[in-house]
Amino acid sequence: MYDVIELYPTNKYDYKCICFSNDEKQKEWSLTKTENILNSEIFNKVEREIRILGGEPTQWEYLIDFIYALRKKNEKVKITLRTNGIKLTKDSEYGKTFVECCKDCNVRITILYYNQESLGSIHLLKTEHLLNDVLMIPTSSIELEQLEDLFKILSKHVRVSWYLSFPSIKYK
């Protein structure tokens, strides 16, 4: 049995992602690979949580169907997804479909906050009771200082944590 599994169906991204910024080839699971993974027995052996990560998961064309299939495979496990949320507000139709899917499948979302484009998604997911937490990702020491005020506001309403990575931040 497994406590948690993490899935990385794509390394595509729509913002300056720290994790894949040096990866020139953007790849994602094909439909065949997705079906093979879904047909494996691993999902029946997860006891606590399945995490969908990336790249940016909302850039993967099979995400919503995959979430529905995952929930059908294992109705008890917690499903979480980590996204910057930019596509949810830029493409309102996708945002509605995504929110409906996450509600239907009881998916909890972590927003990776890179910049103000994520604020609309934070509000949307908080309103829909889907927001699990916010992960602040400053890209400079100046931005780190600016985000401290936003951190104080957000932390009154949702769990907020920091992701501080080298060499993405040059500290004073």
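The coordinates are above.
Residues numbered from 1 in each chain as written. Predicted model: local features only at pLDDT ≥ 70, side-chain atom pairs only at ≥ 80, totals over all residues. Heavy atoms only, no water.

Caption draft 1: Summary view of the packing of aromatic side chains. Taken as a whole and judged by the stated rule, the model has five aromatic pairs. Each ring, one from Trp-60 and one from Tyr-62, has its centre 6.0 Å from the other, and the planes form 80 degrees; the classification is edge-to-face. Across the pair, exposure class does not vary: Trp-60 and Tyr-62 are buried alike. Taking the centre distance of 5.3 Å and the plane angle of 65 degrees together, the rings of Trp-60 and Phe-66 count as edge-to-face. The same class applies to Trp-60 and to Phe-66, which are both buried. Grouping aromatic residues by their ring pairs yields a cluster made of Trp-29, Trp-60, Tyr-62 and Phe-66. The ring of Tyr-94 carries the charged tip of Lys-87 above its face, separated from the ring centre by 4.1 Å. (Phe/Tyr/Trp six-rings, centres within 6.5 Å; stacked < 30°, edge-to-face > 60°. Buried < 20%, exposed > 50% of the residue type's maximum accessible area, 1.4 Å probe, protein only. Lys NZ or Arg CZ within 6 Å of the ring centre and 35° of its normal.)

Caption draft 2: Structural detail: the nonpolar core. Of all hydrophobic cores here, the largest spans 41 residues; its most connected members are Phe-43, Phe-66, Leu-70, Phe-98, Ile-109 and Val-134. Dropping the residues within four chain positions of it, Phe-66 is found in contact with Leu-7, Trp-29, Thr-34, Leu-38, Phe-43, Ile-52 and Trp-60. (Core = buried A, V, L, I, M, F, W, Y, C linked by side-chain atoms within 4.5 Å. Contact = heavy atoms within 4.5 Å.)

Caption draft 3: Representation of the packing of helix H1 (residues 31-39) against helix H2 (residues 63-73) within the structure. Following both chains from N to C, one finds H1 and H2 inclined at 15 degrees, their axes separated by 10 Å at the closest point. Regarding the angle of H1 to H2, the classification is roughly parallel. For H1 against H2, the interelement crossing comes out right-handed. Where H1 approaches H2, its residues Thr-34, Leu-38 and Asn-39 are matched on the opposing element by Phe-66, Ala-69, Leu-70 and Lys-73. Tallied by class, the residues present in the contact of H1 with H2 amount to four nonpolar, two polar and one charged. (Axes fitted to C-alpha atoms, helices over the stretch in contact; angles between N-to-C directions. Helix = DSSP H or I, 4+ residues; strand = E, 2+ residues; numbered from the N terminus. Parallel < 35°, antiparallel > 145°, perpendicular 65-115°, else oblique. Left-handed = near helix turned anticlockwise from the far one by under 90°. Nonpolar A, V, L, I, M, F, W, Y, C, P; charged D, E, K, R; others polar.)

Caption draft 4: The arrangement of H1 in detail. Those residues of H1 that fall on the buried side of the exposure criterion are Thr-34, Ile-37 and Leu-38. Buried residues of H1, seen end-on, are gathered within an arc of 100 degrees and therefore sit on one face of the element. Within H1, the exposed residues directed more than 90 degrees away from the buried face are Thr-32, Asn-36 and Asn-39. The inward-facing, buried residues of H1 abut H2. (Arc of directions from axis to C-beta.)

Caption draft 5: Highlighting the pattern of salt bridges. Evaluation of the coordinates by the stated rule reveals eight salt bridges. The partner of Asp-3 in a salt bridge is Arg-48, with the nearest N and O atoms 3.2 Å apart. Of this pair, Asp-3 sits in strand E1 (residues 2-7) while Arg-48 sits in strand E2 (residues 46-52), placing them 45 residues apart in sequence. Note on Asp-3: relative accessible area 43%, which makes it partly exposed. A salt bridge links Glu-49 to Arg-51, with the shortest nitrogen-to-oxygen separation between them at 3.2 Å. The network of salt bridges with shared partners includes Asp-3, Glu-6, Arg-48, Glu-49 and Arg-51. (Salt bridge = Lys/Arg side-chain N within 4 Å of Asp/Glu carboxyl O.)

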